[in-house]
Amino acid sequence: MDLTVFVNRIYSKANFNQLSNVKTGLHGQMMEFQFVLLGVEQALDTKDVEALAFLCSDLLRRDLRGVTAACELFSMLQKEDLLSAEDPSLLTELLTICGHIKLIREHRLPPASSNVTSYRKMLFELSEEITQEDLKSIKFLLQKNLPRSRLDETTTMFKLLLEMEKADELSHSNLETLEKVVGKINPKLKSKISHYMKTQGTHSQETGESRTESVKLSMPEQSLPTEQSPLVSHISHTPAVMQELICGPVETEFRSLSFSLSQASSCCNRQSNSNDGGPAETLSSTNPLRAEASDSTVDHKPEALDTPLDDQALGVYEMKGEKRGFCLIINNYDFSNSQPSLNIREGTHKDAKNLEDVFRWLGFETSVEHDCSHEKILSLLQSLRDKDHTLMDVLVCCVLSHGQLGAVYGVDGRVVPLKDLTEPFSGSRCPTLRDKPKLFFVQACQDKPRQTCASVQADGDVDSDARVPKDSLHDAADILLGMSSVPYSLSYRDGKQGTWYIQSLCRNLLQLVPREADLLSILTEVNNDVSKMSDQTGTKRQIPQPAFSLRKKVVFPVPKAPAPSLSK
């Protein structure tokens, strides 16, 4: 359809001389949205239009191979009430999938919907990885499956997939032919198809079992203790208070690694019997790694239990950017003017320096901000959110400060809830970080300290009671929140060497990234490392706790530069 015809069709009943007077009402909103669609139309090329039509094939349930203009596709979507001025979220979703983040920002489009099927997204991602040489080879292998007239030079990968669907050679439950053909050309792309088939349960057709969605796995690669508590599910639960603190009533399951090691369990059992108090309130006599299957989480025995972890096709976040990403380090040292009064955090500058060196070595563009008030912390987070992360792979934010349960302190003594650290970077608020890992490392107490030691200090507020906020992490996919301690417990800092948690984190990153360990395995080793530390009296103990909604493994590429030396 010609663009002029589209414009005339949309505005045939509107007098353009009167548009400037339309300020309010539904009609004005509809006109404004049509201008948005026109702006998007003009920014797209032929390949973009073909991609959009391909993604909408399931939604419109019709053959869209003849669609050559975005305006024609938009009209179809509007006619089916899939796209409107009141709900333009599908447009955001389509542009996000196709990588047009700039258009979303320019037209101030709302958060994306989830209308495009995972099957169609998988095929789109597959098509984006197919080269022209690959396409020629695929056409050759499909000569016995499709008419040769459909395999000429003008047939793109999108058109080829649609032809396979038309010939009943491809569907969401029939991917064997595509898997076999693509596997001959590119084994890496074959694994993408195989992984989709496993996660969607399409392999059950061969066994005759009913198709069910598999439970996704969010556990570190390292072997876990099985002597007292063998894993009976792929779900790792946090203590109840941590679930309420971090998750709240959100749709995304926020899994946590808590007390991952036998050393950690014995450490916490000793602390629960001491006079120090605090942590004993959250500890259970059973190992937290043992999943508690309930009607609300697991309604069948996961088939994947019979398959060793290493044999499962766990995805890995892409790390291909020239720079790994932005890394913001907030280092609060001087609390002399805080209300309530808080101690100066001796040793924190070594933590900040080591974090800066390690993440710069990993390829991050690092920045350190010292002595930040409540308002400055929020301002820094907003500025970081507003950066263009399109060419970046991951985001890192480290906060070194005093804290209480569910919050950290600015140097002015005002608290910043943990949710205010993570929410600005959700997929809806920061589209250029959508589907990319967002990593937060927080060095702070999560309760008021009961005792202190001359050489080992606690990053907590002596005068305020801890509380559990009811706020939640909405839109929380792809987030990791690494806490230096579990709820209701202290986090210790050596006045000369820095904090136990940050020093262990930096040391293990330096040691294990060159061995290609994934981040959750590294954090498990940090748990093990910190759980063995204590003060001079042997009574102070600490165990970190990562909570996460990561959907894939985080594996940093091995840096070519030599590893930096840590400050001592």
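Residues numbered from 1 in each chain as written. Predicted model: local features only at pLDDT ≥ 70, side-chain atom pairs only at ≥ 80, totals over all residues. Heavy atoms only, no water.

### A closer look at the overall build of the chain
Now for step 1: Along its length, the chain carries 20 helices and 13 strands.
Now for step 2: Burial analysis of the chain (568 residues in total) assigns 52% to the buried set.
Now for step 3: Within the chain, counting contacts between residues at least 6 apart in sequence, those at least 24 apart form 74% of the total. (Helix = DSSP H or I, 4+ residues; strand = E, 2+ residues; numbered from the N terminus. Buried < 20%, exposed > 50% of the residue type's maximum accessible area, 1.4 Å probe, protein only. Contact = heavy atoms within 4.5 Å.)

### Comments concerning the environment of Pro557
Now for step 1: Following the sequence through the fold, Pro557 ends up in the segment after β13 (545-548).
Now for step 2: Between the alpha carbons of Pro557 and Arg324 there is a distance of 9.2 Å; along the sequence they are 233 residues apart.
Now for step 3: Residues contacting Pro557, with those up to four places away along its chain left out, are Met319, Arg324 and Val513.

### A few points about unusual backbone geometry
Now for step 1: Going from Gln339 to Pro340, the amide bond is cis rather than trans, its omega being 10°.
Now for step 2: Note on placement: Pro340 falls in the loop between β2 (325-331) and α16 (348-361).
Now for step 3: In this structure, Asp478 takes a positive phi of about 70° despite not being glycine.
Now for step 4: At Glu516, a position not held by glycine, the phi torsion is positive, near 60°.

### Observations regarding the confidence of the model for the chain
Now for step 1: For the chain, mean pLDDT is 74; residues scoring 70 or higher make up 68% of the total.
Now for step 2: Low pLDDT, under 50, characterises residues 460-474; the predicted model gives this stretch 55 contacts beyond four residues in sequence or across chains. (pLDDT = per-residue confidence, 0-100.)

### Focus on the nonpolar core
Now for step 1: Counting 59 residues, the largest nonpolar core has Leu91, Leu175 and Leu178 as the members making the most contacts within it.
Now for step 2: Not counting chain neighbours up to four residues away, the residues in contact with Leu178 comprise Leu123, Leu126, Leu161, Met164, Leu170 and Ile193.
Now for step 3: Residues Ala352, Leu510, Val530 and Met533 belong to the second largest nonpolar core, which totals 42 residues. (Core = buried A, V, L, I, M, F, W, Y, C linked by side-chain atoms within 4.5 Å.)

### Topic: the side chain of Asn354
Now for step 1: Residue position: Asn354 is located in helix α16.
Now for step 2: Asn354 gets classed as buried once you look at its relative accessible area, which sits at 0%.
Now for step 3: If we skip the residues at most four places from it in the chain, Asn354 touches Gln503, Cys506, Leu566 and Ser567.

### Here's the deal with helix α6 (residues 89-97)
Now for step 1: The buried fraction of α6 amounts to eight of the nine residues, a majority that puts the element mostly inside the structure.
Now for step 2: Of the positions making up α6, those classed as buried are Ser89, Leu90, Leu91, Thr92, Glu93, Leu94, Leu95 and Thr96.
Now for step 3: Looking one or two residues beyond α6, the residue adopting positive phi is Gly99, at roughly 85°.

### Here's the deal with the side chain of Asp134
Now for step 1: Note on placement: Asp134 falls in helix α9 (residues 132-141).
Now for step 2: Here Asp134 occupies a buried position and makes no salt bridge, while the nearest side chain of opposite charge, Lys136, is found at 11 Å.
Now for step 3: There is a polar contact of 3.1 Å between the side chain of Asp134 and the side chain of Thr131.
Now for step 4: Residues in contact with Asp134, not counting those within four places in the same chain, are Glu129 and Ile185. (Lys, Arg positive; Asp, Glu negative; His and termini not counted. Salt bridge = Lys/Arg side-chain N within 4 Å of Asp/Glu carboxyl O. Polar contact = N/O pair within 3.5 Å; in protein donor to acceptor, adjacent residues only side chain to side chain.)

### Description of the packing of aromatic side chains
Now for step 1: Applying the stated criterion across every chain, the model contains six aromatic pairs.
Now for step 2: Seen from their ring centres, Phe425 and Phe440 are 5.8 Å apart, and the 50° between their planes marks the pair as tilted. Separated by 15 residues along the polypeptide, Phe425 in the loop between α18 (418-422) and β8 (438-443) and Phe440 in strand β8 bring together distant segments of the chain. Across the pair, exposure class does not vary: Phe425 and Phe440 are buried alike. (Phe/Tyr/Trp six-rings, centres within 6.5 Å; stacked < 30°, edge-to-face > 60°.)

### Quick word on the packing of helix α3 (residues 46-55) against helix α10 (residues 157-166)
Packed helices, taken two at a time, are described by the angle between their axes plus the distance between the axes.
Now for step 1: Orientation of α3 relative to α10, taken along the N-to-C sense of each, is 25°, at an axis distance of 10 Å. Here α3 lies roughly parallel to α10, going by the angle between them. Considering only the axes of α3 and α10, their crossing is left-handed. Taking contact as the criterion, the partners of Glu50, Ala51 and Phe54 in α3 are, on α10, Phe158, Lys159, Leu161 and Leu162.
Now for step 2: Of the residues that constitute the contact of α3 with α10, the class distribution is five nonpolar, no polar and two charged. (Axes fitted to C-alpha atoms, helices over the stretch in contact; angles between N-to-C directions. Parallel < 35°, antiparallel > 145°, perpendicular 65-115°, else oblique. Left-handed = near helix turned anticlockwise from the far one by under 90°. Nonpolar A, V, L, I, M, F, W, Y, C, P; charged D, E, K, R; others polar.)

### Examining the pairing of β2
Now for step 1: Of all seven residues in β2, seven are buried; the element is thus mostly enclosed.
Now for step 2: Looking at chain direction, β2 and strand β3 (residues 364-370) are connected through seven bridges and run parallel. Counted as the bridge partner of Phe326 is Glu365 from β3.
Now for step 3: You can see the chain leave β2, run along α16 and come back into β3, and the turn it takes is right-handed.
Now for step 4: Alignment of β2 against strand β4 (residues 395-400), held across five bridges, turns out to be parallel. By the bridge assignment for β4, Asn331 is matched with Leu400. (Pairing = 2+ DSSP bridges. Right-handed = clockwise from strand over helix to strand, strands pointing away.)

### Focus on the packing of α16 against helix α19 (residues 500-512)
Now for step 1: Orientation of α16 relative to α19, taken along the N-to-C sense of each, is 20°, at an axis distance of 10 Å. Here α16 is positioned roughly parallel relative to α19, judged by the angle of their axes. Judged by the twist between their axes, the crossing of α16 over α19 is left-handed. Touching Lys350, Asp351, Asn354, Leu355, Val358, Phe359 and Trp361 of α16 are Ile502, Gln503, Leu505, Cys506, Leu509 and Leu510, all from α19.
Now for step 2: Grouping the amino acids of the contact of α16 with α19 by side-chain chemistry returns nine nonpolar, two polar and two charged.

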